[in-house]
Structures are given as C-alpha cells and as structure tokens.
Amino acid sequence: MSETLLTPIEIGLTAAIVAIENHEPLILTAPGADRLAGLPFGPFDAVSHRTFEMGLRAWVEQQAGLRLGYVEQLYTFGDRGRHAEAGDTGAHIVSIGYLALTRPAGGELAANAASFAPWYRFFPWEDWRDQPPAIIARDIIPALTEWAEEETAETIRALPRKDRVRFYFGLDGAPWDEERVLDRYELLYEAGLIEEARRDGRPAALARKTLPPLGTSMRFDHRRILATAIARLRAKLKYRPVVFELLPTEFTLTELQHTVEAISGRHLHKQNFRRLVEMEALVEPTGVMSTQTGGRPAALYRFRREVLQERPAPGLRVRSRR
C-alpha cells in the first residue's frame with residue numbers, strides 16, 4: 001500500500017497595522033526580496049508564545065519597534081498557492097490576519113526597511129473625501145463593463161456580473177457603500193484587472209494584453225488582507241470607539257472629524273458631525289484650549305470612557321452611504 005505524502009502546513013501571522021498622520025491613513029509595509037510592498041509577516045512560535053496575539057505583538061515590537069494598541073483577529077487566509085512560487089514544494093503557509101491600531105511613534109522605526117505608506121496608494125478608488133475618484137470612471141467601470149458583458153450561462157453566479165458591478169461601485173442609482181472594500185477588490189481580481197490576478201495565473205488576467213494601473217500591488221495576497229482590514233475598520237467605527245486608538249489622548253473635534261474621514265474615505269458635514277459627536281456622548285472637554293491649530297484656539301477633548309459601561313455599542317454612526 002503506497003504512502004500518501006502530506007504537504008506540511010506552517011502558521012504565519014500577518015498584521016495590517018494602521019496609523020493616522022497628517023489626516024492620512026497609513027499602513028505599515030515591509031518590502032520583500034521581490035521589492036514588492038507587503039504587510040509585516042512572521043511565524044507563530046508555539047513554544048515561545050502562548051497565543052497568536054502574543055506572538056504577533058512580540059515580533060512586531062522586535063522587528064519594527066512598535067508597541068501595538070488595539071489588536072483584532074480578522075480572518076484565516078489559507079488559499080492554495082497564496083505564498084507559493086512556481087515549482088515550490090515547500091510548506092503551505094496559512095496566515096492569520098490581524099488588524100492593529102497604533103499611534104505614530106514620532107521617531108524612527110526599528111532598523112529595518114519597514115515604513116508607513118498611505119493605504120490609498122493601494123486602493124485609490126476608495127478615497128471619496130474630495131470627490132469620486134477619477135480612476136473609477138476612467139479605468140475601472142469601462143473594463144468591468146466589458147468583462148460583465150462577456151458573462152455566459154457557464155460563468156454566471158447567484159448575482160450576475162452586471163449587478164455586482166452596479167452594487168459594489170454605486171452605479172445607476174445604487175449607493176456607494178464604503179464598507180464593501182473587499183467586495184470591490186475581489187471583483188477586480190476576478191475580472192483580471194489587477195497585477196495579483198496575473199501573478200496568480202488567473203485566465204481573465206492572462207488574456208489581457210495590458211492591465212490598467214489600479215493601485216500599487218502587494219506581495220502574495222497581502223492586498224486582499226489589507227482590503228479585509230480596511231472594511232473591518234470602516235464598519236467598526238459605527239459601533240465601537242476604535243477611532244480613539246488612533247488619536248492622541250487630547251484632540252480637537254476637527255482632528256477627530258479628519259480621522260473619521262480618513263478612515264471612511266468620504267467627506268463629512270462639519271455641523272452634522274459635531275451634532276453626532278454630542279449626541280453619542282463619546283467625548284468630554286478637557287477645559288484646555290489648543291493653540292496649535294494654525295487659527296483661532298480650539299477646545300481640546302478626550303475620550304469619555306464611561307460610555308463603555310453606559311451602552312453596548314458606542315460608536316460614530318455616520319451615514320453609511322454617499
């Protein structure tokens with residue numbers, strides 16, 4: 001009786017580490033040997049670390065010199081070939097993805113190549129703060145429309161391609177839903193419009209002579225992990241006070257608004273936002289005025305921690321659709 005050879009599996013920990021600086025959402029990246037940007041990644045050492053989260057915190061501090069604040073497990077990413085190269089016979093790597101929030105340290109990261117980069121560099125179609133991104137009408141919708149029209153009875157799914165394009169990208173009266181970051185990314189991947197699809201050998205991508213420049217690609221499936229993290233954080237804003245993990249202890253209401261806008265990717269009406277903050281009772285004044293605003297002094301606020309005992313889902317329920 002022949003012996004079946006089993007492929008060994010290794011467990012890795014991948015971190016989408018978010019910070020806000022100068023009103024921009026940043027993600028910690030580290031280039032690999034292929035020079036592509038990737039999320040920080042490290043193995044889980046079951047001997048040294050009792051839990052996955054403890055392992056994640058330990059190697060992030062060791063490799064990047066960062067002490068993480070809020071950490072949340074996202075998903076387990078284990079698709080076949082996600083870390084494989086052509087002809088690779090090594091272990092299959094299953095990665096447990098995490099969302100982590102931190103504040104910029106104000107100094108240099110540990111002596112390695114890790115650095116913070118704007119997350120809209122990887123997802124330029126997600127930044128609606130000023131206006132709908134030109135890349136959607138110019139590059140994305142024409143290519144997706146052509147792809148949707150090629151659908152046949154053999155390729156149709158529960159939701160046809162045309163409907164998914166309309167729903168996910170807010171066309172023909174459908175609203176733009178900022179939480180559908182992963183849906184939009186996976187639609188672009190399925191249509192073969194991003195470099196990761198070509199790299200993975202997807203037929204739709206290989207059939208194209210050229211690919212539109214749809215953001216900066218990342219190593220392995222790290223852009224998919226980042227899309228998952230952004231979607232989770234955008235949703236979390238509405239029912240958990242996670243935004244305060246990204247702010248200094250004391251802040252102005254303008255800084256709070258800019259931080260929420262940076263994460264959600266859309267502009268918020270100033271007076272409506274301030275009424276919402278007041279109604280949700282998430283902050284309290286410190287009694288101190290800031291003179292660092294560049295204009296008139298502004299009142300400083302802090303997170304009112306008592307809200308955590310007052311109701312089960314304290315968050316900023318900004319309008320979920322544009």
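Here is what the cut-offs are and how they apply
- Residues numbered from 1 in each chain as written.
- Predicted model: local features only at pLDDT ≥ 70, side-chain atom pairs only at ≥ 80, totals over all residues.
- Heavy atoms only, no water.
- Helix = DSSP H or I, 4+ residues; strand = E, 2+ residues; numbered from the N terminus.
- Contact = heavy atoms within 4.5 Å.
- Areas by Shrake-Rupley, 256 points an atom, 1.4 Å probe, with all protein chains shown as cover.
- Buried < 20%, exposed > 50% of the residue type's maximum accessible area, 1.4 Å probe, protein only.
- Arc of directions from axis to C-beta.
- Polar contact = N/O pair within 3.5 Å; in protein donor to acceptor, adjacent residues only side chain to side chain.
- Salt bridge = Lys/Arg side-chain N within 4 Å of Asp/Glu carboxyl O.
- Phe/Tyr/Trp six-rings, centres within 6.5 Å; stacked < 30°, edge-to-face > 60°.
- Core = buried A, V, L, I, M, F, W, Y, C linked by side-chain atoms within 4.5 Å.
- Pairing = 2+ DSSP bridges.
- Axes fitted to C-alpha atoms, helices over the stretch in contact; angles between N-to-C directions.
- Left-handed = near helix turned anticlockwise from the far one by under 90°.
- Nonpolar A, V, L, I, M, F, W, Y, C, P; charged D, E, K, R; others polar.
- Parallel < 35°, antiparallel > 145°, perpendicular 65-115°, else oblique.
- Expected span 1.5 Å × (residues − 1).
- Bend = angle between axes of the 7 residues up to and from the residue.

Things to note about the overall build of the chain
Item 1. A count of helical and extended segments in the chain gives 10 helices and 8 strands.
Item 2. Of the contacts made within the chain by residues no fewer than 6 positions apart, 65% connect residues no fewer than 24 positions apart.
Item 3. In the structure as shown, the chain presents an accessible area of about 17100 Å², 51% of it carried by carbon and sulfur atoms.

Some details on helix α3 (residues 161-169)
Item 1. Taken residue by residue, α3 has R161, R164, V165, Y168 and F169 as its buried positions. Along α3, the residues classed as buried sweep out an arc of 100° about the axis, all on the same side.
Item 2. Close packing links the buried residues of α3 with α2 (134-149) and α4 (181-190).

Examining the side chain of K238
Item 1. On the secondary structure map, K238 appears in the loop between α7 (222-236) and α8 (253-264).
Item 2. Using a relative accessible area of 10% as the deciding quantity, one classes K238 as buried.
Item 3. One polar contact links K238 to E178, side chain to side chain, over a distance of 3.1 Å.

So, the pattern of salt bridges
Item 1. One pass over the full model with this rule turns up 21 salt bridges.
Item 2. When the shortest N-O distance is used, the salt bridge between D127 and R129 registers 2.9 Å.
Item 3. A relative accessible area of 23% places D127 in the partly exposed class.
Item 4. As a salt-bridge pair, R223 and E196 come within 2.8 Å of each other at their nearest N and O atoms. Note that R223 is positioned in helix α7 and E196 in helix α5 (residues 195-199), a separation of 27 residues in sequence.
Item 5. R223 sits in the buried class, given a relative accessible area of 1%.

With respect to the packing of aromatic side chains
Item 1. All chains considered together, the criterion is met by 9 aromatic pairs.
Item 2. Arranged with centres 4.3 Å apart and planes meeting at 35°, the rings of W128 and W176 form a pair that is tilted. In this pair, W128 is assigned in the loop between β6 (115-118) and α2 and W176 in the loop between α3 and α4, connecting sequence segments 48 residues apart. There is no split in this pair, since W128 and W176 are both buried.
Item 3. The rings of F123, W125 and Y185 are connected pair by pair, giving a single aromatic cluster.

Considerations on the nonpolar core
Item 1. In this structure, I140, L144, F169 and L256 are the most contacted members of the largest nonpolar core, which totals 70 residues.
Item 2. When sequence neighbours within four positions are dropped, the list of residues in contact with F169 reads W125, I136, I140, I141, L144, R164, W176, R184, L187 and L188.
Item 3. Core analysis: the second largest hydrophobic core is formed by 15 residues, A15, L28, A64 and Y98 among them.

Some thoughts on the pairing of strand β2 (residues 24-29)
Item 1. Taken across its 6 residues, β2 has 5 buried, putting it largely inside the fold.
Item 2. Of the pairings in the sheet, the one linking strand β1 (residues 9-21) to β2 comprises 4 bridges and is antiparallel in character. Residue pairing for β2: A19 is matched across the bridge by L26.
Item 3. Hairpin connection between β1 and β2: a loop of 2 residues separates the two successive antiparallel strands, and N22 in this loop has a positive phi of roughly 55°.
Item 4. Direction of pairing for β2 relative to β6: antiparallel, over a ladder of 4 bridges.

Here we look at unusual backbone geometry
Item 1. If you check the backbone angles, H23 has positive phi at about 70° while not being a glycine.
Item 2. Judged by relative accessible area, H23 falls into the partly exposed class, the value being 40%.
Item 3. One non-glycine residue, F220, lies in positive phi territory at about 50°.
Item 4. Take F220: it is sitting in the loop between α6 (203-206) and α7.
Item 5. According to the relative accessible area criterion, F220 is buried, its value standing at 18%.

Some points on the packing of α3 against α4
Item 1. Interaxial distance between α3 and α4 falls to 10 Å at its minimum, and their mutual angle equals 145°. Once α3 is placed against α4, the crossing between them reads as left-handed. The residues of α4 that touch α3, namely those facing R164, V165, Y168 and F169, are D183, R184, L187, L188 and E190.
Item 2. Of the residues contributing to the contact of α3 with α4, the split by class is 5 nonpolar, no polar and 4 charged.

Points about the packing of α8 against helix α9 (residues 270-280)
Item 1. In the contact formed by α8 and α9, the axes pass within 11 Å of each other and the chain directions differ by 100°. It follows that α8 is roughly perpendicular to α9 by the angle criterion. Here α8 contributes L253, T254, L256, Q257 and V260 to the contact with α9, which in turn contributes K270, F273, R274 and V277.
Item 2. When its residues are assigned to classes, the contact of α8 with α9 shows 5 nonpolar, 2 polar and 2 charged.

A few points about α2
Spacing of three or four residues puts side chains on the same side of an α-helix, whose turn is 3.6 residues.
Item 1. Under the 1.5 Å per step criterion, the end-to-end length of α2 is 22 Å for 16 residues, consistent within 8% with the ideal 22 Å.
Item 2. I140 marks the point of greatest bend in α2, at about 40°, and the proline P142 comes within the next four residues.
Item 3. Buried residues of α2: I135, I136, D139, I140, I141, A143, L144, W147 and A148, and no others.
Item 4. Where α2 is buried, its residues meet α3 and α4.

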